[in-house]
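One-letter residues, chain by chain:
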Amino acid sequence: MGAATLPSQQAELVETKRGSRMGKIIVFGAGGRAGRAAVGEAVQRGHHVTAVVRDPDRYRDLEGAQVRLLVGDVTDVDTVADLANGHDAAIAAAYDPGAQADVFFTTAAQALLDGLPRAGVRRLLVVGLAAVLETADGTPLMDSPSFPQEYRPFCAAHAAGADVLRTSTTALDWLIVSPAGDFDADGKHSGRYTAAAANAASRISHHDFAIALLDEIDEPRHHRTHIGVETV
């Protein structure tokens, strides 16, 4: 499968981990469904969270004893460095629909690569796109014959952002995690998921996806690659 090959251990069933050490996590794009789920899972595990959004007034419900809500721009390296200072790990789940997609994803990736090390953050989890992930035969899902071509420009923008990470020489320990296929908007919190190659029919709930993200922060197993996950 090339660079995104899954080691045999990645195919193992993973169940939610509890009782992890407390830490500080910053979530860029905390207002979206993946970001919200990540904040919730982090809080449940005892972490303290900085939730970064573009308009805090829209997301006051995120605030709590363990959650600090801040405004910030993930594409600005100085903002990333300032907000992330003192945190153990970062999750990037942000997207600005008003921005040009290819510019947004590449600029955000570079800002995170430059800003997080300045802040002393060593681990970055990026919410990726299944279309960029390879299928079992090594073909990116977006290059499959049946893939809807109207989505290709947005997918290519995601891929460009991923390439910024892959070609970096930074010591930042990054990982892209995406659904193996798509999110199940009505999916339940099963607490069980597995790593998988890209498959358009695959689904994972936002809750289980958040578990996968936090597992990779609490007990990192994959480094500088892109993995897909699905609910089982």
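Data block above holds the structure.
The shown structure was predicted, so the numbers you read here are calculated from the model rather than taken from an experiment.

Asker: Sorry if this is basic, but what is going on with the pairing of strand β2 (residues 24–28) here?
Answerer: A regular strand carries its side chains on alternate faces of the sheet. Of all 5 residues that make up β2, 4 are buried, and the element is covered over most of its length. Summarising the sheet, β2 and strand β3 (residues 48–53) pair through 5 bridges and their orientation is parallel. Bridging from a neighbouring strand, Lys24 pairs with His48 of β3. Remark: the β2/helix α1 (residues 33–44)/β3 crossover connection has right-handed handedness. Sheet topology places β2 next to strand β5 (residues 89–92); 4 bridges connect them, and they run parallel.

Asker: Would you mind showing me how to read the packing of α1 against helix α5 (residues 206–218) here?
Answerer: Helices that pack against each other are described as a pair by the angle of their axes relative to one another and the distance between those axes. With their axes 8 Å apart at the nearest point, α1 and α5 run at an angle of 60° to one another. One element, α1, and the other, α5, form an angle in the oblique class. In the crossing of α1 with α5, the sense of the turn from one axis to the other is right-handed. Along the contact surface, α1 presents Arg33, Ala34, Ala37, Ala38, Glu41 and Ala42, while α5 presents His206, Ala210, Ile211, Leu213 and Leu214.

Asker: Looking at this model, I keep getting lost on α1. Mind explaining?
Answerer: In an α-helix, one turn spans 3.6 residues, which is why side chains three or four residues apart end up on the same side. Spanning 12 residues, α1 covers 17 Å between terminal C-alpha atoms, matching the ideal 16 Å at 1.5 Å per step. Of the positions making up α1, those classed as buried are Ala34, Gly35, Ala37, Ala38, Val39, Glu41 and Ala42. Once α1 ends, the next one or two residues include Gly46, with phi positive near 95°.

Asker: What should I look at first to understand helix α4 (residues 152–166) in this one?
Answerer: The end-to-end C-alpha separation of α4 is 20 Å, in line with the 21 Å expected for 15 residues at 1.5 Å each. When α4 is considered as a whole, its buried residues turn out to be Cys155, Ala157, His158, Ala159, Gly161, Ala162, Val164 and Leu165. Buried residues belonging to α4 abut α3 (101–119), β6 (123–127) and β7 (173–179).

Asker: What's the story with the packing of aromatic side chains in this structure? I'm lost.
Answerer: Aromatic rings considered in pairs are described by the distance between their centres and by the relative angle of their planes. With the rule as written, the count across this model stands at 6 aromatic pairs. For the ring pair Tyr95 and Phe105, a centre distance of 5.3 Å and an interplane angle of 10° mean the geometry is stacked. Of this pair, Tyr95 sits in the loop between β5 and α3 while Phe105 sits in helix α3, placing them 10 residues apart in sequence. Residue Phe105 is classed as buried on the basis of its relative accessible area, which comes to 11%.

Asker: Looking at this structure, how should I read the packing of helix α2 (residues 77–84) against α3?
Answerer: Here α2 crosses α3 at 35°, and the two axes come no closer than 8 Å. Here α2 runs over α3; the crossing is right-handed. On α3, the residues touching Val77, Asp78, Val80, Ala81 and Ala84 of α2 are Ala111, Leu112, Asp114, Gly115, Leu116, Arg118 and Ala119. A per-class count over the contact of α2 with α3 returns 8 nonpolar, 1 polar and 3 charged.

What counts as what
Within each chain, residues carry numbers counting from 1 in the order of the written sequence. Given that this is a predicted model, residues contribute local features only at a pLDDT of at least 70 and side-chain atom pairs are listed and counted only at 80 or more, while totals for whole chains, interfaces and linings are drawn from all residues. Heavy atoms from the whole structure form the basis of all side-chain values; hydrogens and water molecules are not counted. Whether a residue is buried, partly exposed or exposed follows from its accessible area with a 1.4 Å probe, protein chains only, as a fraction of its type maximum: under 20%, in between, or over 50%, in that order. Numbering of helices and strands runs from the N terminus, with a helix taken as a DSSP run of H or I at least four residues long and a strand as a DSSP run of E at least two residues long. Only when DSSP finds a minimum of two bridges between them are two strands counted as paired. Consider the strands pointing away from the viewer: the crossover is right-handed when the path from the first strand over the helix to the second runs clockwise. All axes here are fitted lines through C-alpha atoms, helices being fitted over the stretch that makes contact, and every angle between N-to-C directions spans 0 to 180 degrees. Roughly parallel covers angles under 35 degrees, roughly antiparallel covers those over 145, roughly perpendicular covers 65 to 115, and oblique covers all other angles. Crossing handedness is defined as follows: a turn of the near helix away from the far one that is anticlockwise and smaller than a right angle gives a left-handed crossing, while the clockwise case is right-handed. Should any heavy atoms of two residues lie within 4.5 Å, those residues are counted as being in contact. For a helix, the expected span equals 1.5 Å multiplied by the number of residues minus one. Centres within 6.5 Å make a pair out of two Phe, Tyr or Trp rings, where for Trp the six-membered ring is used; the pair is then stacked when the planes are under 30 degrees apart, edge-to-face when over 60, and tilted otherwise. Gly falls in the polar group here, along with every residue not listed as nonpolar (Ala, Val, Leu, Ile, Met, Phe, Trp, Tyr, Cys, Pro) or charged (Asp, Glu, Lys, Arg).

So, to be careful, I would describe these as geometric facts and stop short of saying anything about function.
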